[in-house]
Amino acid sequence: MALEITDATFEETVLKSDKPVLVDFWAAWCGPCRMVGPIIDEISNDYEGKAVVGKVDVDANQEFAAKYGVRNIPTVLVFNKGELVGRQVGVAPKNVYAEAIDSLL
């Protein structure tokens, strides 16, 4: 399962991580988000110990969604050493997310 990330844990979990981080910005009412969710969970299992994979519920946690200009969901952001290095808006196949992490490992 992907890690649940909140505004309170975002800086520590994402920006201070020494591993690549993939963050899915989603909401419970969003149909396409429900399609991406299982893919993100699979990625989380595939990269356990190698990368941090998490989800931010934008309804409950708006600070970092706003900071990084997340206007449409699902939006998946990729961070490396605290820097935003990738963005995927909308539903994408699993390999798109995997390749984003692989390029940083």
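Residues numbered from 1 in each chain as written. Predicted model: local features only at pLDDT ≥ 70, side-chain atom pairs only at ≥ 80, totals over all residues. Heavy atoms only, no water.

Trainee: Looking at this model, I keep getting lost on the UniProt feature "active site" (unreviewed entry) in the protein chain. Mind explaining?
Mentor: Taken from the UniProt record, the annotation "active site" (unreviewed entry) applies to Cys30 and Cys33. Looking at where Cys30 falls in the secondary structure, it is placed in the loop between strand S2 (21–26) and helix H2 (31–46). Since its relative accessible area comes to 4%, Cys30 is described here as buried. If we ignore the near neighbours within four places in the chain, the residues touching Cys30 are Ile73 and Pro74. The topology assignment puts Cys33 in helix H2. Contact partners of Cys33, with chain neighbours within four places excluded, come to Trp26, Ala27, Ile73 and Pro74. (UniProt positions renumbered as here; feature names shortened; annotations may be inferred. Helix = DSSP H or I, 4+ residues; strand = E, 2+ residues; numbered from the N terminus. Buried < 20%, exposed > 50% of the residue type's maximum accessible area, 1.4 Å probe, protein only. Contact = heavy atoms within 4.5 Å.)

Trainee: It is not clear to me how the state of the cysteines should be interpreted in this structure. Could you clarify?
Mentor: Any covalent bond linking the sulfur atoms of two cysteines counts as a disulfide. Counted according to the given criterion, the structure contains 1 disulfide. In this model, Cys30 is linked to Cys33 through a disulfide, with the two sulfur atoms separated by 2.3 Å. In this structure, the disulfide formed by Cys30 and Cys33 twists by about 80° around the S-S bond and is classed as right-handed. Note on accessibility: Cys30 and Cys33 belong to one class, buried. (Disulfide = S-S within 2.5 Å.)

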